[in-house]
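The residues making up each chain are set out below.
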Amino acid sequence: MRTLTTFLALPVAATLVMGLSSCSLFSSGTSTATKDLEVGNCYNTVSKESGGDKPVGEVTVVDCAKTHTYEVVAQTTFGEDVKELPNEDSIKSLGEGFCQGEDFTAYVGVEAGKSSYQIEYLSPSADTWAKGDRKISCVVSQGNKSEVKGSAKGSKK
């Protein structure tokens, strides 16, 4: 199972207004392994335990024009030279640093520090690492995890 880690770009009190463009290539309601998510996918969690440092495995990918909780805004991978799953601090450093960087800015249209989105990331676990998972996916949501319609892409929020 992968892990979902949360950190805030701005206080949760910021109001989020999502754009209206569609971002998903999948049809509504497609169940997908979190390791298979791609930039632009919008999704809802399947597991009630999802969030924080608890395991996340499958999500329901939906068209971004439909109600959803999360959107993948950037991704990176550990290089082939990394043979073992890095420790939690290394994953946190890469996840937080990357997810607040230029890929976020290019996708959303505003720097992470000026964004009203809550930024989180999905990272490999020992189980998924053993199966070749090397991906870190940066995702955004509203601070209260409420469902929204529309894409974060170009929203400047």
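As a reminder, the structure under discussion sits directly above these lines.
Residues numbered from 1 in each chain as written. Predicted model: local features only at pLDDT ≥ 70, side-chain atom pairs only at ≥ 80, totals over all residues. Heavy atoms only, no water.

Turning our attention to the nonpolar core. Core analysis: the largest hydrophobic core is formed by 19 residues, its most contacted members being Val73, Cys99, Phe104, Val108, Val140 and Ala152. Only strand E6 (70-77), helix H1 (88-99), helix H2 (102-108), strand E7 (118-123) and strand E8 (135-141) provide two or more residues apiece to this core. In contact with Phe104, other than residues within four places in its own chain, are Val73, Ala74, Cys99, Gly109, Val110, Glu111, Ala112, Ser115, Tyr117, Ile119 and Val140. Residues Leu37, Tyr70, Leu122 and Val139 belong to the second largest nonpolar core, which totals eight residues. (Core = buried A, V, L, I, M, F, W, Y, C linked by side-chain atoms within 4.5 Å. Buried < 20%, exposed > 50% of the residue type's maximum accessible area, 1.4 Å probe, protein only. Helix = DSSP H or I, 4+ residues; strand = E, 2+ residues; numbered from the N terminus. Contact = heavy atoms within 4.5 Å.)

On inspection of all chains with the given rule, the structure shows two disulfides. Bridging Cys42 to Cys64, the disulfide has an S-S length of 1.9 Å. On the sign convention where negative means left-handed, the S-S torsion of about 95 degrees between Cys42 and Cys64 marks this disulfide as right-handed. Of the two residues, Cys42 is situated in strand E3 (residues 42-45) and Cys64 in the loop between strand E5 (58-62) and E6; the sequence distance between them amounts to 22 residues. Overall, Cys42 belongs to the buried group, its relative accessible area being 0%. Residue class for Cys64 comes out buried when judged on its relative accessible area of 0%. Sulfur-sulfur distance for the disulfide between Cys99 and Cys138 comes to 2.0 Å. On the sign convention where negative means left-handed, the S-S torsion of about -80 degrees between Cys99 and Cys138 marks this disulfide as left-handed. Pair noted here: Cys99 is in helix H1 and Cys138 is in strand E8, with a separation of 39 residues, a long-range link. The pair Cys99 / Cys138 is uniform in exposure class, with both members buried. (Disulfide = S-S within 2.5 Å.)

Before going further, it helps to spend a moment on the pairing of E3. Examined bridge by bridge, E3 and E5 share four bridges and lie antiparallel to one another. Of the residues in E5, the one forming a bridge with Tyr43 is Val61. As defined by bridge partners, E3 adjoins E6 across two bridges and the pair is classed as antiparallel. Residue Tyr43 lies in a different strand from E6, and its bridge partner there is Tyr70. (Pairing = 2+ DSSP bridges.)

This part is about the pattern of salt bridges. This model, assessed by the stated rule, comprises three salt bridges. We note a salt bridge from Lys35 to Asp36, for which the minimum N-O separation is 3.2 Å. Residue class for Asp36 comes out partly exposed when judged on its relative accessible area of 38%. Between Glu120 and Lys145 there is a salt bridge whose closest N-O contact spans 2.2 Å. Of this pair, Glu120 sits in strand E7 while Lys145 sits in the segment after E8, and the two are 25 residues apart along the sequence. (Salt bridge = Lys/Arg side-chain N within 4 Å of Asp/Glu carboxyl O.)

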